[in-house]
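As a plain string of letters, each chain reads:
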Amino acid sequence: MTQYKYIIDSLVSELDEERYEHTLGVAYTAASLAMRYEEDINKAILAGLLHDVSKRCKSDKYIEMCNAYDIFISEAEYKNPGLLHAKLSAYIASNEYDVEDNEILSAIESHTTGKPNMTMLEKIIYIADYIEPLRNKQKHLLELRKLAFIDIDKALLMILEDTVEYLKSTNKVIDPTTYETYLFYKGKIND
Ligand code: DGI
Ligand code: FE
Ligand code: FE
């Protein structure tokens, strides 16, 4: 990944080791999915590298950072500021790493909740984040790692179902966007 040396060098010094390794895992998993689905490989790598860049800061700073950068904070995000790392990473990608491509920025921005009717790049980043090699806690990982390369929408729905179930079981606030995304793909697949 020599053409990304500048980004990788800065990520290695800013992110903790685990987050850095996860980031590389997302970037090359996204690259593989981009090959499979004929999406732009470089966009997938760039979005993968920068999707969690805001995690160089602690989550108790996110509200303050969003206020400083004029980023809108929804009710669900106020209740669970950790969700803001996706919007903040897109902001940092644009303002510090000169990423101008809106497809890349929106893939970064939607990587945590997803959104209805995602573009191929958005789906790729959302899924790569979930199945990259260092992930080991989620249900259905073995199956999902295969299914993602066979039927991306089915993999997406399985991840959304598992995420909604996990959030319910732990009594976490479900962002309406996560739930809308789940309903959208459930409707699409069961049509
Ligand atoms: O940043 P990562 O840890 O790599 O992954 P991520 O950006 O997908 O964030 C992961 C967490 O986000 C995971 O624990 C599930 C959670 N999440 C996804 N949708 C929602 C959510 N958490 C809440 N509270 N509400 C949501 O709707
Ligand atoms: Fe994330
Ligand atoms: Fe991530």
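Located above this text is the structure these notes cover.
Residues numbered from 1 in each chain as written. Chains lettered and ligands numbered in written order. Predicted model: local features only at pLDDT ≥ 70, side-chain atom pairs only at ≥ 80, totals over all residues. Heavy atoms only, no water.

## Re the overall build of the protein
Turning to step 1, where the next piece is worked out: Within the protein one finds 11 helices and zero strands.
Turning to step 2, where the next piece is worked out: Listing each helix as α and each strand as β along the protein from the N terminus yields α-α-α-α-α-α-α-α-α-α-α.
Turning to step 3, where the next piece is worked out: At 16 Å, the protein has a C-alpha radius of gyration in line with the 16 Å of a compact globule built from 191 residues.
Turning to step 4, where the next piece is worked out: C-alpha extents for the protein along the principal axes are approximately 45 × 40 × 30 Å.
Turning to step 5, where the next piece is worked out: Every one of the 191 residues in the protein was classed for burial, and the buried ones make up 49%.
Turning to step 6, where the next piece is worked out: If you take every contact in the protein between residues at least 6 apart in sequence, the share linking residues at least 24 apart comes to 60%.
Turning to step 7, where the next piece is worked out: Split by element, the accessible area of the protein, about 9900 Å² in all, is 50% carbon and sulfur. (Helix = DSSP H or I, 4+ residues; strand = E, 2+ residues; numbered from the N terminus. Rg over C-alpha atoms; globule rule 2.2 N^0.38 Å. Buried < 20%, exposed > 50% of the residue type's maximum accessible area, 1.4 Å probe, protein only. Contact = heavy atoms within 4.5 Å. Areas by Shrake-Rupley, 256 points an atom, 1.4 Å probe, with all protein chains shown as cover.)

## Section: the site of ligand 1
Turning to step 1, where the next piece is worked out: Taken together, 17 residues surround ligand 1, and among them Asn80, Thr112, Val173, Asp175 and Thr178 come closest.
Turning to step 2, where the next piece is worked out: At 3.1 Å, a side-chain N or O of arginine 19 approaches an oxygen atom of ligand 1.
Turning to step 3, where the next piece is worked out: At a separation of 2.4 Å, a nitrogen atom of ligand 1 approaches a polar side-chain atom of asparagine 80.
Turning to step 4, where the next piece is worked out: Its free accessible area being 570 Å², ligand 1 has 82% of it covered by the protein chains.
Turning to step 5, where the next piece is worked out: The class makeup of the residues in the shell around ligand 1 is four nonpolar, six polar and seven charged. (Near = heavy atom within 4 Å. Polar contact = N/O pair within 3.5 Å; in protein donor to acceptor, adjacent residues only side chain to side chain. Nonpolar A, V, L, I, M, F, W, Y, C, P; charged D, E, K, R; others polar.)

## With respect to the coordination of the iron ion (ligand 2)
Reference values for coordination geometry: four tetrahedral donors around a metal ideally subtend 109.5 degrees, six octahedral donors ideally subtend 90 or 180 degrees.
Turning to step 1, where the next piece is worked out: Within the protein, the atoms that donate to the iron ion (ligand 2) are Asp52 (OD), His85 (NE2) and His111 (NE2), at distances of 2.1 to 2.2 Å.
Turning to step 2, where the next piece is worked out: The two metals, the iron ion (ligand 2) and the iron ion (ligand 3), are separated by 3.5 Å and share aspartate 52 as a common coordinating residue. Of this pair, histidine 85 sits in helix H6 (residues 85–96) while histidine 111 sits in the loop between helix H7 (102–109) and helix H8 (120–131), and the two are 26 residues apart along the sequence.
Turning to step 3, where the next piece is worked out: Residue classification places histidine 111 among the buried positions, given a relative accessible area of 2%. (Donors = N, O, S within 2.8 Å, 3.2 Å for Na, K, Ca; no water.)

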